[in-house]
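Per-entry structural report
Residues per chain, in single letters:
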Amino acid sequence: MQAVIDYLKKNQSRAVAELCEYVRFPSVSAQPQHRGDLRSCGEWLVEHCRAIGLEARLCATKGNPIVVAKTPRAKSNGATRPHFMVYGHYDVQPAEPLDLWKSPPFEPRVANGVLFGRGTSDDKGQALAHLKAVEAYLKTGTPLPCDITFVIEGEEEVGSGSLAAFLLEHRAELDCDAVVISDTGMPSSKHPALTYALRGIASFEVTLHGPARDLHSGIFGGTVDNPAMALCQLLGKLRDKDGRVAIPGFYDGVQPLSAYERKQFARLPFKARDYQRLLGVPKLFGERGFTPHEQRSARPTFEINGLTSGYQGEGSKTIVPAWARAKITVRLVPDQDPAKVIKRIRQHLKKLCPPTVRLEITEGHGAEPYLVSPTSPQAQAALRALKSAFGCEPVLIREGGSIPIVNQFKKILHADSLLLGLALPDDNAHSPNEKFDLDCFAKGQLMGVYLWQELSGV
Ligand SMILES: [Zn+2]
């Protein structure tokens, strides 16, 4: 093991230079003019994987190709070795607006131990850290305790459209004991983290139809219901004063937080006043009985994302609008079922809707919530690897958003995902001046080294 760790130390500046080379590809999946750059980036990655001793290939898909790279399989003596998959993506977000960058997004620049450039943190640097860890094993002739397959795709930032079909097609090859993903974050460099749960989502639009057309409010107002008012009254009934969603059955299936989890969350660095200032609100508000971290990651929410009705232009227009619409999403936690929740909401809105307007509900996209038990042997193994690499006690976090691919890994490969993010909160992912801390890069490589030992031992 010491040889592996020494190798990483000795080769750190080369690893940074390689990351710079990787970042130079403008592999922006959202912009069609970069299609060729994505391909070149994928080809570079395959070459890189081969150079470090992996068996690598570029797999064509309907969209951008997927890089698959495997550690040379040890000669089987009958016993089956554990097999893990590392998932990452080589595509990046658009760099615009370019004038807000202090240096060009695809000309990586190192300053004060930080590497600037689009994709440095999300996700090129994080994925490369895992490749460097495996390289250290292979180049020092240190036997790996498991087989590892890297799957690095080129469409993550545009919804991973080709991934599900790819997983289905290569199910046998990718059959694994767990998927490791470094594409999220940690609260600070002193708080390396395992993200063990994600919220799901369900989206829908509620429209209340009133008169057949906008009406003159002076001539007709007072004789018909106003859909905007009716919608406000309807929505107003959906949350109580304690911040709880007032829809019968909404909380069905919600797993209560364990004492262990709440104790772990209490260790997270958090100052309510800083948080309030960051968000620019006069006062925080959330479901009573839960801390802000619990509210934003472990509790379901009901949010109005958009509200439209009537005249929106300059000055006034005296009408009773023909309709009013709200765009709504609910964030869901394990084990809520998106379809059941939507059904409950439908039933409740129907019950509340007055006969003076007509209710229409259109359903949008959804994603199921996700959870790996934080006390499971794999989760505990990951925590030990984090501790060894970062030299401090790691934290457990839940993410408030969704990462739909983890549900695909669960459904198609029946494998849990261990989310070991290396990004810091101020890494500016998806924003101008994206950066990656080179210390996180180095420690991420170390984490990779320990991870395979720890995971293979359970
Ligand atoms: Zn990412």
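Note that the structure is a prediction, hence the values are computed from the model and not measured. (Residues numbered from 1 in each chain as written. Predicted model: local features only at pLDDT ≥ 70, side-chain atom pairs only at ≥ 80, totals over all residues. Heavy atoms only, no water.)

1. Regarding the overall build of the protein chain
Operational definition: Helix and strand assignments follow DSSP, with helices taken as H or I runs no shorter than four residues and strands as E runs no shorter than two, numbered in order from the N terminus. Three exposure classes are used, based on accessible area relative to the maximum for each residue type with a 1.4 Å probe and protein chains only: buried under 20%, partly exposed in between, and exposed over 50%. Note on contacts: a residue pair qualifies if any of its non-hydrogen atoms lie within 4.5 Å across the two residues. Residue-level accessible areas treat just the shown protein chains as cover; the underlying method is Shrake-Rupley with a 1.4 Å probe. Neither His nor the chain ends contribute to the count of charged residues, in which Lys and Arg are positive and Asp and Glu negative. To locate a charge, take atom NZ for lysine, CZ for arginine, CG for aspartate or CD for glutamate.
What the protein chain contains, in helices and strands, is 14 helices and 18 strands. Dimensions of the protein chain, computed from the C-alpha atoms along their principal axes, are close to 85 × 50 × 45 Å. Buried positions account for 52% of the 458 residues belonging to the protein chain. Taking the intrachain contacts of the protein chain between residues at least 6 apart in sequence as the baseline, contacts between residues at least 24 apart amount to 80%. Within the structure as shown, the protein chain displays about 21000 Å² of accessible surface, and the carbon and sulfur contribution to it stands at 53%. Distance between charge centroids for the protein chain: 5 Å, based on 55 positive and 50 negative side chains.

2. A closer look at the nonpolar core
The line we're drawing: In this description, a nonpolar core means a group of buried Ala, Val, Leu, Ile, Met, Phe, Trp, Tyr and Cys residues linked to one another through side-chain atoms lying within 4.5 Å.
Counting 76 residues, the largest nonpolar core has Tyr22, Leu131, Phe150, Leu194, Phe441 and Trp452 as the members making the most contacts within it. At ten residues, the largest contribution of residues to this core is made by helix H14 (residues 438–456). Non-local contacts of phenylalanine 150, meaning those with residues more than four positions away in its chain, are made with Leu54, Val67, Val68, Ala69, Val86, His130, Leu131 and Val134. Counting residues in hydrophobic clusters, the runner-up holds 28 residues, among them Ala202, Leu208, Tyr251 and Ile361.

3. Brief notes about the domain arrangement of the protein chain
Convention followed: Each domain's extent was defined by an automatic or database domain assignment. Buried area adds together the accessible area that both of two parts lose upon being put together, with accessible area traced by a 1.4 Å probe.
Splitting the protein chain by domain gives domain 1 (2–198 + 369–456) and domain 2 (200–254 + 300–366). Between domain 1 and domain 2, the C-alpha centre-to-centre distance is 41 Å. On the side of domain 2, eight residues touch domain 1, which itself brings eight residues to the contact. Of the roughly 520 Å² buried where domain 1 meets domain 2, counting both sides, 61% is carbon and sulfur surface.

4. Here's the deal with the sheet that holds strand S9 (residues 200–209)
What counts here: Any two strands with at least two DSSP-identified bridges between them are counted as paired. A fitted line through C-alpha atoms represents every axis, and for helices the fit uses only the stretch in contact; the resulting angles, taken between N-to-C directions, go from 0 to 180 degrees.
Pairing in this open sheet of four strands is antiparallel, and the strands run S11-S13-S9-S14 from one edge to the other. Looking at strand neighbours, the two that pair on one side only are strand S11 (301–309) and strand S14 (358–367), the edges of this open sheet. Between one strand and the next, the sheet's axes are offset by a mean angle of 15°, whatever the strand orientation. Summarising the sheet, S9 and S14 pair through eight bridges and their orientation is antiparallel. What sits directly across from histidine 209, in S14, is arginine 358. This element, helix H7 (residues 227–236), spans S9, S11 and strand S13 (323–332) of the sheet and lies at about 20° to S13. Sheet strands in contact with helix H11 (residues 338–352) are S9, S11, S13 and S14, and its direction is about 20° off that of S9.

5. Things to note about the pattern of salt bridges
A side chain with one charge may pair with a side chain of the opposite charge, provided their charged atoms come close. Here is the rule: Only one rule defines a salt bridge in this text: a Lys or Arg side-chain nitrogen within 4 Å of an Asp or Glu carboxyl oxygen.
A full pass over the atoms with the stated rule returns 26 salt bridges. Arginine 14 is the partner of glutamate 18 in a salt bridge, and the nearest nitrogen-oxygen pair spans 2.7 Å. Pair noted here: glutamate 18 and arginine 14 are both in helix H2 (residues 12–23), with a separation of four residues, about one helical turn. Take arginine 14: its relative accessible area is 32%, and that puts it in the partly exposed class. Notably, a salt bridge pairs aspartate 147 with arginine 81, separated by 3.1 Å at the nearest N-O pair. One end of the pair, aspartate 147, is in strand S6 (residues 147–153); the other, arginine 81, is in the loop between strand S2 (66–70) and strand S3 (83–89), with 66 residues separating them in the sequence. Through salt bridges with shared partners, a single network forms among Arg14, Glu18, Lys132 and Glu135.

6. A closer look at the pairing of strand S1 (residues 55–59)
When S1 meets S2, the two strands line up antiparallel, connected through five bridges. Each bridged residue has a counterpart across the sheet, and for glutamate 55 the counterpart in S2 is lysine 70. The hairpin turn running from S1 into S2, its antiparallel successor, is six residues long.

7. Observations regarding the coordination of the zinc ion
Put simply, the rule is: Metal-coordinating donors are taken as N, O and S atoms lying within 2.8 Å of the metal, or within 3.2 Å when the metal is Na, K or Ca; because water is left out, some sites can appear incomplete.
Within the first shell, the zinc ion binds the protein through His89 (NE2), Asp122 (OD), Asp183 (OD) and Asp183 (OD), at distances of 1.9 to 2.5 Å. Mapped onto the sequence, the donors of the zinc ion take the spacing H-x32-D-x60-D. Remark: aspartate 122 occurs in helix H4 (residues 120–139) and histidine 89 occurs in strand S3; sequence separation between them is 33 residues. The exposure class of histidine 89 is buried, given its relative accessible area of 0%. Judged by its relative accessible area of 9%, aspartate 122 falls in the buried class.

8. A look at the environment of proline 355
Along the polypeptide, proline 355 turns up in the loop between H11 and S14. Considered as a pair, proline 355 and aspartate 225 are 130 residues apart in the sequence and their alpha carbons are 9.5 Å apart.

9. Points about the side chain of serine 162
Here is the rule we go by: The term polar contact refers here to a pair of N or O atoms within 3.5 Å; inside protein, the definition further demands a hydrogen-donor-capable atom paired with an acceptor-capable atom, and it admits residues adjacent in sequence only when both atoms are side-chain atoms.
With respect to the secondary-structure elements, serine 162 resides in the loop between S6 and helix H5 (163–169). The class for serine 162 is buried, based on a relative accessible area of 10%. One polar contact links serine 162 to threonine 61, side chain to side chain, over a distance of 3.3 Å. Side-chain polar atoms of serine 162 contact the backbone nitrogen of glycine 63, separated by 3.4 Å.

10. Here's the deal with the side chain of threonine 207
The topology assignment puts threonine 207 in strand S9. Beyond its immediate chain neighbours, meaning those up to four positions away, threonine 207 contacts Trp323, Ala324, Arg325, Arg358, Leu359 and Glu360.

11. A word on the sheet that holds strand S4 (residues 109–111)
Whether parallel or antiparallel, the strands of a sheet pair through hydrogen bonds between backbone atoms. Strand order in this open sheet of three strands is S4-S5-S18, and the pairing throughout is antiparallel. Sheet topology places S4 and strand S18 (435–437) at the edges, where each strand pairs with a single neighbour. The average angle at which neighbouring strand axes cross in this sheet is 25°, direction not considered. Note: S4 against strand S5 (residues 114–116), three bridges, orientation antiparallel. Each bridged residue has a counterpart across the sheet, and for arginine 109 the counterpart in S5 is phenylalanine 116. H4 rests against S5 and S18 of the sheet, and its axis sits at about 40° to S18.

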